[in-house]
Amino acid sequence: MRLRHKPYAQEKLLEYKHYVVEKPEKSKGKWTERFEKAQPLHIEIGCGKGRFIIEMAKRYPEINFIGIELQTSVIVSALEKQIDEELPNLQLMQVNAKDLREYFEAGEVDRIYLTFSDPWPKNRHEKRRLTYKSFLSVYETILNDKGELHFKTDNQKLFEYSLTSFSKYDAVLEKVYLDLHNSDVEDNVMTEYEEKFSKKGNRIYKAVVMFK
């Protein structure tokens, strides 16, 4: 997907430092200080334009959320939504997922969402997939003992690869949905991609994972 350049994006991110964490390493171990209340912490890696994380923060005010997105021209769209909503339980970060240990203490996160991540279909790009073993190691570190990884995709090959990756890593598959939209799940919040792909008839897959 070709990203549309937004020349104003970086300036806007810097303007709203109360929503976009400029130096997240300084919040390591004390993320509650970025929020109004000390609450469970959920993060979305690859939050895109923010539809999912914004709706989650609105629906669950008793949870603090952080949306993580690397692309400047994309995360600014999430920021614009947050400027409109002014949600006290939502922060945004522009960082690389492989570096999350630098920003979160061990066990500081209660839940991680991976929603419609780039499948990186070529074999030579396997290490870039967010369910590759090196990323799983990062998630295991920052999640607490009862923490969960929630993974959603419409890409069957990525889902199959991820299930194998979870298994090889010795993670625990708590739940697996091979057709999420025709399951008994009632509180599913959709992303932009999820709505787009499901309207085309694509099956949506989901896995809930815990680490031993």
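What you see is a predicted model, and the numbers here were worked out from it, not measured in a lab.

### Quick notes on the UniProt feature "binding site: S-adenosyl-L-methionine" (unreviewed entry) in the protein chain
Sites flagged by UniProt as "binding site: S-adenosyl-L-methionine" (unreviewed entry) map to E44, E69, N96 and D118. These annotated residues cover 75 residues of sequence, and their C-alpha atoms lie no more than 13.9 Å from one another, placing them together at a single site. Relative to the elements of secondary structure, E69 occurs in the loop between β2 (64-68) and α3 (72-85). Classification of E69 as buried rests on a relative accessible area of 10%. Every residue in contact with E69, bar those within four places of it in the chain, is listed here: G46, C47, G48, V74, I75, M93, Q94 and V95. From its side chain, N96 meets the backbone nitrogen of K98 in a polar contact 3.1 Å long.

### Focus on the UniProt feature "binding site: substrate" (unreviewed entry) in the protein chain
The feature "binding site: substrate" (unreviewed entry), as given by UniProt, occupies K122, D154, T191, E192, Y193 and E194 in the numbering adopted here. With a sequence span of 73 residues, these residues are also far apart in the fold, their greatest C-alpha distance being 24.4 Å. Locating K122 in the fold gives a position in the loop between β4 (109-115) and α4 (133-142). By relative accessible area, which is 45% here, K122 ends up partly exposed. Setting aside chain neighbours within four positions, we find D154 in contact with F116, F197, N202, R203, I204 and Y205.

Thresholds, definitions, all that
- Residues numbered from 1 in each chain as written.
- Predicted model: local features only at pLDDT ≥ 70, side-chain atom pairs only at ≥ 80, totals over all residues.
- Heavy atoms only, no water.
- UniProt positions renumbered as here; feature names shortened; annotations may be inferred.
- Helix = DSSP H or I, 4+ residues; strand = E, 2+ residues; numbered from the N terminus.
- Buried < 20%, exposed > 50% of the residue type's maximum accessible area, 1.4 Å probe, protein only.
- Contact = heavy atoms within 4.5 Å.
- Polar contact = N/O pair within 3.5 Å; in protein donor to acceptor, adjacent residues only side chain to side chain.

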